[in-house]
Amino acid sequence: TTPSDTRKEMVPIFDANAWHNWTQSLFSQDRDSSPFRKKNFDLLLLLSTQESVHRVLKSYKEDDSVRPETYEWLLDFYKSSASK
């Protein structure tokens, strides 16, 4: 969640239940679809995750309030995970 105004009202930015329902409907056996649909979706999910990590790393590097150790830890973790 993220604050939407000065009253500290929290607005959800990710709904796990909606995500689960949507992905289950996409890959249902009742659907006639291309065998590449799930592979394309998996690739899209991986690419969006990679882009998110890159944006976080960039923001950490440019933000003086983030400790350099935090940036280095995430960068090292990402490099070791990406190489697998």
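Shown above is the structure to which this text applies.
Being a predicted model, the structure only gives us computed values, none of them experimental.

K.L.:
Is there a simple way to explain the overall build of the chain in this structure?
P.N.:
When helices and strands are tallied, the chain shows three helices and two strands. Counted from the first residue to the last, the chain has its helices and strands arranged as β-β-α-α-α. Considering the chain as a whole, with its 84 residues, one finds that 11% of them fall into the buried category. For the chain, the proportion of contacts with a sequence separation of at least 24, taken over those separated by at least 6, is 11%.

K.L.:
How do you make sense of the packing of helix 2 (residues 37-62) against helix 3 (residues 68-82) when you look at a structure like this?
P.N.:
Between two packed helices, both the angle of their axes relative to each other and the distance between the axes serve to describe the pair. At a minimum axis distance of 9 Å, the contact between helix 2 and helix 3 shows a crossing angle of 155°. By the angle class used here, helix 2 and helix 3 are roughly antiparallel. Of the two elements, helix 2 crosses helix 3, and the hand of that crossing is left-handed. Where helix 2 abuts helix 3, its residues Gln-50, Val-53, His-54, Val-56, Leu-57, Tyr-60 and Lys-61 lie against Thr-70, Tyr-71, Leu-74, Leu-75 and Tyr-78. Looking at side-chain class alone, the contact of helix 2 with helix 3 contains eight nonpolar, three polar and one charged residues.

K.L.:
Looking at this structure, I do not really get the pattern of salt bridges. What am I missing?
P.N.:
Between side chains of opposite charge, a pair can form when the charged atoms approach closely. Under the definition given, this model contains two salt bridges. Notably, a salt bridge pairs Arg-55 with Glu-51, separated by 2.8 Å at the nearest N-O pair. Here Arg-55 and its partner Glu-51 are both found in helix 2, four residues apart, which amounts to about one turn of the helix. Since its relative accessible area comes to 38%, Glu-51 is described here as partly exposed. A salt bridge links Glu-69 to Arg-67, with the nearest nitrogen and oxygen atoms 3.5 Å apart.

K.L.:
Is there a simple way to think about the packing of aromatic side chains in this case?
P.N.:
Each aromatic ring pair is summarised here by two numbers: the centre-to-centre distance and the angle between the ring planes. Taken as a whole, this structure holds one aromatic pair when the rule is applied. Residues Trp-73 and Phe-77 carry aromatic rings whose centres are separated by 5.3 Å and whose planes lie at 10° to one another, so their mutual orientation is stacked. Pair noted here: Trp-73 and Phe-77 are both in helix 3, with a separation of four residues, about one helical turn. By relative accessible area, Phe-77 is classed as partly exposed at 46%.

What counts as what
Residues numbered from 1 in each chain as written. Predicted model: local features only at pLDDT ≥ 70, side-chain atom pairs only at ≥ 80, totals over all residues. Heavy atoms only, no water. Helix = DSSP H or I, 4+ residues; strand = E, 2+ residues; numbered from the N terminus. Buried < 20%, exposed > 50% of the residue type's maximum accessible area, 1.4 Å probe, protein only. Contact = heavy atoms within 4.5 Å. Axes fitted to C-alpha atoms, helices over the stretch in contact; angles between N-to-C directions. Parallel < 35°, antiparallel > 145°, perpendicular 65-115°, else oblique. Left-handed = near helix turned anticlockwise from the far one by under 90°. Nonpolar A, V, L, I, M, F, W, Y, C, P; charged D, E, K, R; others polar. Salt bridge = Lys/Arg side-chain N within 4 Å of Asp/Glu carboxyl O. Phe/Tyr/Trp six-rings, centres within 6.5 Å; stacked < 30°, edge-to-face > 60°.

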